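Inside the fold
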Amino acid sequence: MSVPTLAADRSVCPPLPVLGRDVRVPLVTGGEVTYAALDYAASAPALQRVWDDVAAYAPYYGSVHRGAGYLSQLSTDLFENSRAEVAAFLGCRPDDQVVFTRSTTDSLNLLAAALPAGCRVFVFETEHHAALLPWERRADVTVTYLDAPRSPREAVETLERALADREPYGPALVCVTAASNVTGELWPVGELAAAAHAHGARIVVDAAQLAPHHPVDVAELGADWIAFSGHKLYAPFGAGVLAGRPDWLQGAEPYLAGGGATRQVARGADGGVRVDWHDTVARHEAGSPNVIGAYAIASACKALTEAGFETLVERERRLIEEVRAGLAEVPEVRVLSLFGDDAPRVGVLAFTVDGWNSSHFAAALSAEYGIGVRDGLFCAHPLVRLLLGGAPDAPGECGAPDGGNLNAIRVSFGAGTPDEHVARFVSAVRELVRDGARWSYRTVGGRCVPA
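To start, this report covers the structure provided alongside it. These numbers come from a predicted model, not from an experiment.

On to the sheet that holds strand β7 (residues 172-177), then. Here we have seven strands laid out as an open sheet, ordered β4-β10-β9-β8-β7-β5-β6, and mixed in their pairing. Single-partner strands in this sheet number two, and they are β4 (97-101) and β6 (142-146). Put simply, the sheet's adjacent strands are angled 20° from each other on average, direction ignored. Note that strand β5 (residues 120-124) and β7 share four bridges and pair parallel. The partner of V121 across the bridge, within β7, is L173. Against the sheet, helix α2 (residues 70-90) touches β4, β9 (225-229) and β10 (240-244), its axis set at about 115° to β4. Helix α3 (residues 104-114) contacts β4, β7, β8 (202-206), β9 and β10 of the sheet and is inclined by roughly 150° relative to β9.

Structure, rendered in structure tokens:
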């Protein structure tokens, strides 16, 4: 069974068409401008292709795994075909499972719940909170936080020492990001995976920032699991993925208890309830599946693959160099980096501006230029504070008299970003630093807004 979908158009060249590319927003200085969405690292706009595919399916929407009717059967086929599409996109091995979740955070919490008792988890302090925090919720799991490395080689050596010194020598899991959501820098995932396996450990890779920018191959990376979110992959319908080895997942208690995760439920002789749980992916997908979210991810995977990652990567590399070259011309700007200026990265850069509060600067970019970036600590507080030189815990105060930076500004872009938006951003940074803000700003609810 199938529904009509958008035919592949291999003539489409980057930037890929996304929703919102023609949205006009008002400026505090008067008039309107086309909005420049440069916060892809938080949530990327929906690809037009994804939106069209979902709209084509919507009239056929039905329950998944729960009905004999035509629409239910069609929706079930669509859901399982989406799982297969994601597996192909990730280069999954034949026995790998693809579990649909709500997000990267949900995926890593699911894996944390599935860890065997006594497992040791090793995680760098540089991780996004989604990868940093789930593990300690297990009382029978020990977490070792590793200091931030200053080079890819140091990352591998730090991990090797920690794994070799662990006591007792039992099950272990390494959790590492593939591309930083703060600096955009690529981590040596393949080498880290090899080190983990050499010491009898497994590795889960947070690919939330890598998957929208680079091809991801589970087998090639040597990853045991991959986690990512649809909303960063141009598919904003509340779904995510955990893909990889089935054994720990099959051996764990279901992540959620409910319909769909069970083979059979019956009353026992003692008056209680006996449950026979699935040992397939259904074990951790209780409840009515988010078929639209899963289909949207599959559509985005297909669109990126058909566009050709080689072309997308090369174009993004050019945009990264344009942004870096433009910022380098402004002496007051300091780009944050863990591995150094020459480290390969995706289209994510964080920076500060001397003499400016970061929240104030980001607010001015939005209000005066129609440019959307992010300011703050980016749900990676330990890393950003380290890069800022050990800044205090308190968030930045809008319009702080000393211009002190207690947080940073992040610009991020991808396959849907028009060249003009990047050029406008670079020009706006120059003008703001040279001429100052044309408007005054104040704090409302912890955010800077035009006064």
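Turning our attention to the pattern of salt bridges. Per the stated rule, a full pass over the model turns up 26 salt bridges. For R49, the salt bridge goes to D53, with nearest N and O atoms at 3.1 Å. A residue pair is termed a helical-turn pair when its members lie 3 or 4 positions apart in one helix, as R49 and D53 do in helix α1 (residues 48-57) at four residues. Neither R49 nor D53 differs from the other in exposure class; each is buried. It is possible to trace a salt-bridge network through shared partners that takes in R202, D224, R245 and D247.

This part takes up the sheet that holds strand β13 (residues 333-335). Pairing within the open sheet is antiparallel, and its four strands lie in the order β13-β14-β17-β16. At either end of the open sheet lies a strand with only one pairing partner, and these are β13 and β16 (374-376). On average, each strand axis in the sheet is tilted by 30° relative to the strand beside it, whichever way the strands run. Across three bridges, β16 lies against strand β17 (residues 408-412) in antiparallel orientation. Residue pairing in the sheet places D375 in a bridge with I409 of β17.

We now examine the environment of P246. Tracing the backbone shows P246 in the loop between β10 and α8 (247-251). Among the residues examined, P246 registers a relative accessible area of 15% and is labelled buried. Residues P246 and A46, 200 residues apart in the sequence, show an inter-C-alpha distance of 31 Å.

Procedures and definitions
- Residues numbered from 1 in each chain as written.
- Predicted model: local features only at pLDDT ≥ 70, side-chain atom pairs only at ≥ 80, totals over all residues.
- Heavy atoms only, no water.
- Pairing = 2+ DSSP bridges.
- Helix = DSSP H or I, 4+ residues; strand = E, 2+ residues; numbered from the N terminus.
- Axes fitted to C-alpha atoms, helices over the stretch in contact; angles between N-to-C directions.
- Contact = heavy atoms within 4.5 Å.
- Salt bridge = Lys/Arg side-chain N within 4 Å of Asp/Glu carboxyl O.
- Buried < 20%, exposed > 50% of the residue type's maximum accessible area, 1.4 Å probe, protein only.

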